[in-house]
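So you can see what is in the structure, the chains are spelled out below.
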Amino acid sequence: MRHLRIERLEGNKIKVTLSSADLLDYNINVKALRPDSPQLHTFLFKIMERVQRETGFNPYTGQVVVEATPSSEGIVLVVTKISEEQPAAPKPPKSRRHVRAVKKAAPQKRIYCMGTFDDICALFEAVDIALLLECRLYAMEGKFYIVSEAAEHRAVLSEFGSALRHDAMTEAFLEEHGRLAAKGGALWKMAHRIKNLK
């Protein structure tokens, strides 16, 4: 990371300039990248982590768009946060009375980071472990990450770990670099055994 520069353009925009040397450090060949490649997801995850660390800009809330432009030095990324919340659905005109079918939204996943194994054990003590049937537990670099699909988890999981907004990039990074410790029934059994130790 010899020449990487991070600049805050506006309240909702960050500019990241990477030189050719930076791209080598990240083991990135721009010409060979595909939008759905794990290498791109890993690269962007690392850049977003650094942006958040150095500027306080949180890329895990709201909708984020990343635009990449080649430059003579290497590449320029412009990260724009479009919104913190989903816009409200428009209301139908009052003069019309009809029923419209609405597709139910898919469950929104959340990712929670726990710093230590003790945090995981404390969580298992506090949570209704039946809810863990809808979760996955990853271990990576001494930390633990729970991917949850159940809204009932959010209050208790937030007490034991920091919440990250779920997105495809973060989940792909966990799947590629983390170790899946347990999921579903196996995670429930793990929590059950830890609870029974006391």
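Residues numbered from 1 in each chain as written. Predicted model: local features only at pLDDT ≥ 70, side-chain atom pairs only at ≥ 80, totals over all residues. Heavy atoms only, no water.

K.L.:
Help me understand the confidence of the model for the chain, please; the structure alone is not making it clear to me.
P.N.:
The predicted structure's coordinates, where accompanied by low pLDDT, should not be read in detail. A residue-level look at the chain finds 79% of positions with pLDDT of 70 or above and a mean pLDDT of 75. Every residue in residues 85-106 is under pLDDT 50, and counting partners more than four places away or in other chains gives 1 contact. (pLDDT = per-residue confidence, 0-100. Contact = heavy atoms within 4.5 Å.)

K.L.:
Just checking my understanding: could you explain unusual backbone geometry for this structure?
P.N.:
Excluding glycine, most residues fall at negative phi; most peptide bonds, likewise, are trans. The phi torsion at Glu 141 lies on the positive side, around 50 degrees, for a residue other than glycine. The residue Glu 141 is located in the loop between strand E6 (135-140) and strand E7 (143-148) in this model. (Helix = DSSP H or I, 4+ residues; strand = E, 2+ residues; numbered from the N terminus.)

K.L.:
Explain the packing of aromatic side chains here, please?
P.N.:
Scanning the model with the defined rule gives 3 aromatic pairs in all. With centroids separated by 4.1 Å and ring planes inclined at 20 degrees, the aromatic side chains of Phe 45 and Phe 173 adopt a geometry described as stacked. With Phe 45 in helix H2 (residues 38-55) and Phe 173 in helix H5 (residues 168-177), this residue pair connects regions lying 128 residues apart in the sequence. Take Phe 45 and Phe 173: they sit in the same class, and that class is buried. Seen in terms of ring centroids, Phe 117 and Phe 144 are 5.9 Å apart; in terms of plane orientation they differ by 55 degrees. Their pairing is tilted. (Phe/Tyr/Trp six-rings, centres within 6.5 Å; stacked < 30°, edge-to-face > 60°. Buried < 20%, exposed > 50% of the residue type's maximum accessible area, 1.4 Å probe, protein only.)

K.L.:
Which parts of the structure should I look at to understand the pairing of E6?
P.N.:
Looking along a regular strand, one sees the side chains alternate between the two faces of the sheet. The element E6 is extensively covered by neighbouring structure, given that 6 of its 6 residues are classed as buried. Two strands pair when backbone bridges link them, and E6 and E7 are joined in this way by 6 bridges, in the antiparallel orientation. Within E7, the residue paired with Ala 139 across the bridge is Phe 144. Between E6 and the antiparallel strand that follows it, E7, lie 2 residues; Glu 141 among them carries a positive phi value of about 50 degrees. Sheet topology note: the E6/strand E9 (residues 179-183) ladder contains 4 bridges and is antiparallel. Within the sheet, the bridge partner assigned to Leu 137 lies in E9 and is Ala 182. (Pairing = 2+ DSSP bridges.)

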